[in-house]
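Structure at a glance
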Amino acid sequence: ERMAEGVQAYRRGAFEQAAASWTEAARLYEQGGRLNEQSEALILLAQAYQALGLYTKALPSLQSASALVEQTGDRSRLVRIKGLAGKLYLASGQMEEASRSLNEGLRMAKELGEPDLTAALLNALGNVLASEKKYDEALTTYSESVTLAQKARNHSLEINALINAATALQQSGRHQEAKDRLDQAVKQVEAL
């Protein structure tokens, strides 16, 4: 019930309410010894904190979730945690930690054979590389993300990676290539 309340609040953009619901859900699951559900509540709580810009609260929530997931052995959930941690580290300017977390998640996602998760992690890693002005590496990473997102039929991620690639191209002075990527993204949007 608390989990569902949190999801509804999050979708409405009521992130503080979502955080409160998921905090309570995590507490109740902990009392009941339900580790999988508790870790999921903590991951969602971290997302709510991320939406509120409270990175210093989001990361400890993820670390708690990670410790629980280590016990349950749910590698797919661990990949999600690594991806979210990477994004949080990037948002708070901790590039080395962002890169490390995303690369760890990528290794696991590839081992699991999950193109959707792999594509999302590649897109986030591209953002880290672009923020470090490593544009060629970022573009290679975004291209791989686009290919995997297409394979997974994740159109929103494909469009996001195309736009990120266009931004990196623009920042590196390659304006025509940037326009080409944006045109690709527009075609995908129109197809939807």
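Refer to the structure presented above.
Residues numbered from 1 in each chain as written. Predicted model: local features only at pLDDT ≥ 70, side-chain atom pairs only at ≥ 80, totals over all residues. Heavy atoms only, no water.

**Side note on the packing of helix 4 (residues 55–72) against helix 5 (residues 75–91)**
Remark: helix 4 packs on helix 5, axes separated minimally by 10 Å, with the N-to-C direction vectors making an angle of 160°. Relative to helix 5, helix 4 is oriented roughly antiparallel. In the crossing of helix 4 with helix 5, the sense of the turn from one axis to the other is left-handed. Between helix 4, through Tyr55, Ala58, Leu59, Leu62, Gln63, Ala65, Ser66, Val69 and Glu70, and helix 5, the contact on the second element is made entirely by Arg77, Leu78, Ile81, Leu84, Ala85, Leu88, Tyr89 and Ala91. (Axes fitted to C-alpha atoms, helices over the stretch in contact; angles between N-to-C directions. Helix = DSSP H or I, 4+ residues; strand = E, 2+ residues; numbered from the N terminus. Parallel < 35°, antiparallel > 145°, perpendicular 65-115°, else oblique. Left-handed = near helix turned anticlockwise from the far one by under 90°. Contact = heavy atoms within 4.5 Å.)

**So, the packing of helix 9 (residues 155–171) against helix 10 (residues 175–191)**
For the pair helix 9 and helix 10, the least separation of the axes is 8 Å and the interaxial angle reads 165°. As far as their axial angle goes, helix 10 and helix 9 are roughly antiparallel. Regarding helix 9 and helix 10, the two cross each other, and that crossing is left-handed. On helix 10, the residues touching His155, Glu158, Ile159, Leu162, Ile163, Ala165, Ala166, Leu169 and Gln170 of helix 9 are His175, Glu177, Ala178, Arg181, Leu182, Gln184, Ala185, Gln188 and Val189. A per-class count over the contact of helix 9 with helix 10 returns ten nonpolar, five polar and three charged. (Nonpolar A, V, L, I, M, F, W, Y, C, P; charged D, E, K, R; others polar.)

**Things to note about unusual backbone geometry**
Residues apart from glycine generally show negative phi values, whereas peptide bonds are mostly found in trans. Unusually for a residue other than glycine, Lys133 sits at a positive phi of about 65°. Relative to the helices and strands, Lys133 is located in the loop between helix 7 (115–131) and helix 8 (135–151). By relative accessible area, Lys133 is classed as exposed at 61%. (Buried < 20%, exposed > 50% of the residue type's maximum accessible area, 1.4 Å probe, protein only.)

**Considerations on the pattern of salt bridges**
The final tally for this structure, using the stated rule, is 14 salt bridges. One salt bridge in this structure joins Lys82 and Glu104, with 2.7 Å as the shortest N-O distance. Note that Lys82 is positioned in helix 5 and Glu104 in helix 6 (residues 95–112), a separation of 22 residues in sequence. Exposure remark for Glu104: the relative accessible area of 21% places this residue in the partly exposed category. (Salt bridge = Lys/Arg side-chain N within 4 Å of Asp/Glu carboxyl O.)

**Looking at the packing of aromatic side chains**
Inspection of the entire model under this criterion finds two aromatic pairs. Both rings, one in Tyr10 and one in Phe15, keep their centres 5.1 Å apart while their planes meet at 65°; by these two values the pair is edge-to-face. With a relative accessible area of 23%, Phe15 lands in the partly exposed category. For the ring pair Tyr10 and Trp22, a centre distance of 5.7 Å and an interplane angle of 40° mean the geometry is tilted. With a gap of twelve residues between them, Tyr10 in helix 1 (residues 2–12) and Trp22 in helix 2 (residues 15–31) connect regions that are remote in the sequence. Take Tyr10: its relative accessible area is 28%, and that puts it in the partly exposed class. (Phe/Tyr/Trp six-rings, centres within 6.5 Å; stacked < 30°, edge-to-face > 60°.)

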